[in-house]
Amino acid sequence: MTLKFLPLAFAALLLPGVALAQDGAIKVEPQIVTDWKSVYGQVEAKNTIAARARISGTITELDVTEGDTVTAGQMIGKIVDQTIEYQIGAVDAQIAALEAQLANAQTELKRGEELKARGVSTTQNVDQLQTQVNVYEGQIAAQKAQRKVYEQQQQFGTVIAPIDGKVVSVPVTKDAVVMGGETIATIGGGGFFLRLSVPERHADTLKTGDTIMITGPEGQQIEGKLAKIYPQIEGGRVQADVEVPDLDSRFVAARLLVKLPMGDRQAIVIPASYIATRTGLDFVRVKVGEENVERTVVPGVRVNMDGQEMVEILTGLNPGDTVVPHEQ
């Protein structure tokens, strides 16, 4: 074996179904080849939750914009309802009036108890004065509780991030008037994945755990795993999620080219370097007896097998043929 054939021969040793012969020759046999279908996947967050307004009012603060990273519990905005301030003021006035009446009732009660001690007043009169004091104290407690309700409503004006993640959209602006329940910001968190929409005729070929090949933004090949297949078919398509390590999540809803395994079949494949192209035709050297002859072939798709670039041969080779590299 000459030195220039060593890399090819070693690669052949690593490929299943390809037998190494003498002088860098490879005996070809049918191999299992996976058919792939190209579709587009969309980058989505695992959890997409809306940070909503809990009260109606005017947005006086808005601290986030699209693309910002937030943590759960972080304040992202503030809503002010001026009517709550007026209600708190009205409650404070009622409390002040009741406290004045309570002070007067307590004075009357103290005077009544002194008169009773001297035998001038009756027990019934003192009980009435005590009841009046208790009534005022109860009314003051009720008004203070009502004040806490309004204060809590004011605190509800603080809009917080429900989860850790990235701000996907902010459909409102500062000084806008919103109603309770409206979305202030949409936050995506819990990691990111690729959402696929596959024609339903291919649904039976998809299996959880399948290896998925993704073409990255810079053309690099990334390997992912099919994590979930949704049982509901919508518009003739099946939804599926692919987990991808270190997925670029700078752009949510970005589309990436994805190759899905559609099934396996047998095919004759040889290393791409064994094919020579001249005058528009493709040739391989086939060992026949003690001689090497050139044979015209029709190549098919290129496949990657164990890191080696292989080419499917549609016609021109038969199982058991021995091909040799072209002379360098």
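Structural data are supplied above this passage.
As the structure is a computational prediction, the values presented were derived from the model and not from experiment. (Residues numbered from 1 in each chain as written. Predicted model: local features only at pLDDT ≥ 70, side-chain atom pairs only at ≥ 80, totals over all residues. Heavy atoms only, no water.)

Per the stated rule, a full pass over the model turns up 10 salt bridges. Across the salt bridge formed by Glu151 and Arg147, the nearest N and O atoms sit 2.0 Å from each other. Taken together, the positions of Glu151 and Arg147, both in helix α3 (residues 123-155) and 4 residues apart, correspond to about one turn of that helix. On the accessibility criterion, Glu151 (29% relative accessible area) is partly exposed. Of the charged contacts in the structure, one is a salt bridge between Glu294 and Arg278, with a shortest N-O distance of 2.6 Å. One end of the pair, Glu294, is in strand β18 (residues 291-305); the other, Arg278, is in strand β16 (residues 276-278), and 16 residues separate them in sequence. Look at Glu294 and you get partly exposed, because its relative accessible area is 42%. (Salt bridge = Lys/Arg side-chain N within 4 Å of Asp/Glu carboxyl O. Helix = DSSP H or I, 4+ residues; strand = E, 2+ residues; numbered from the N terminus. Buried < 20%, exposed > 50% of the residue type's maximum accessible area, 1.4 Å probe, protein only.)

Attention now moves to the pairing of strand β11 (residues 211-215). In summary, the side chains of a regular strand alternate between the two faces of the sheet. Taken together, the 5 bridges between β11 and strand β12 (residues 221-234) define a ladder with antiparallel strand orientation. Across the sheet, residue Ile214 finds its bridge partner in β12, namely Ile222. Note that β11 and strand β14 (residues 255-267) share 3 bridges and pair antiparallel. For Thr215, the partnering residue across the bridge sits in β14 and is Leu257. (Pairing = 2+ DSSP bridges.)

Counting 32 residues, the largest nonpolar core has Val70, Ile76, Ile79, Val178 and Ile184 as the members making the most contacts within it. Of all the secondary structure elements, the ones that give two or more residues to this core are β6 (75-80), α2 (82-117), α3 and β10 (183-199). With 8 residues, the top contributor of residues to this core is α2. In this view, Ile184 contacts Ala51, Arg52, Ala53, Ile59, Leu62, Ile79, Val159, Val170, Pro171, Val172 and Val178; residues no more than four positions away in its chain are not counted. In this structure, Val43, Val242, Val244 and Leu247 belong to the second largest nonpolar core, which totals 19 residues. (Core = buried A, V, L, I, M, F, W, Y, C linked by side-chain atoms within 4.5 Å. Contact = heavy atoms within 4.5 Å.)

Closest axis-to-axis distance for the α2/α3 pair is 8 Å, and the angle between their directions is 160 degrees. One element, α2, and the other, α3, form an angle in the roughly antiparallel class. Regarding α2 and α3, the two cross each other, and that crossing is left-handed. Counted by class, the contact of α2 with α3 contains 14 nonpolar, 13 polar and 10 charged residues. (Axes fitted to C-alpha atoms, helices over the stretch in contact; angles between N-to-C directions. Parallel < 35°, antiparallel > 145°, perpendicular 65-115°, else oblique. Left-handed = near helix turned anticlockwise from the far one by under 90°. Nonpolar A, V, L, I, M, F, W, Y, C, P; charged D, E, K, R; others polar.)

Attention shifts here to α2. In a regular helix each residue adds 1.5 Å, so 36 residues correspond to 52 Å; α2 covers 53 Å between its end C-alpha atoms and thus fits that length. Within α2 the residues assigned to the buried category are Ile84, Ile88, Val91, Ile95, Leu98, Leu102, Ala105, Leu109 and Gly112. The secondary structure elements touched by the buried residues of α2 are α3. The positive-phi residue at the C-terminal boundary of α2 is Gly119, with phi of around 85 degrees. (Expected span 1.5 Å × (residues − 1).)

Okay, the environment of Ala240 next. Structurally, Ala240 is set in strand β13 (residues 237-243). Sequence separation between Ala240 and Val286 is 46 residues, and the spatial gap between their C-alpha atoms is 45 Å. In contact with Ala240, other than residues within four places in its own chain, are Leu194, Arg195, Leu196, Leu226, Lys228, Ile229 and Tyr230.

So, on to the packing of aromatic side chains. One pass over the structure, following the stated rule, counts 0 aromatic pairs. When the ring centre of Tyr40 is taken as origin, the NZ or CZ atom of Arg255, which lies over that ring, is 4.5 Å away. In this structure, Arg278 packs its charged tip against the face of Phe283, placed 4.6 Å from the ring centre. (Phe/Tyr/Trp six-rings, centres within 6.5 Å; stacked < 30°, edge-to-face > 60°. Lys NZ or Arg CZ within 6 Å of the ring centre and 35° of its normal.)

Phi is positive for Asp175, close to 75 degrees, though the residue is something other than glycine. Its place among the elements puts Asp175 in the loop between β8 (165-169) and β9 (177-178). Its identity is not glycine, yet Thr279 carries a phi of approximately 50 degrees, on the positive side. Locating Thr279 in the fold gives a position in the loop between β16 and β17 (281-288). Taking the relative accessible area as the measure of exposure, Thr279 reaches 79% and is therefore exposed.

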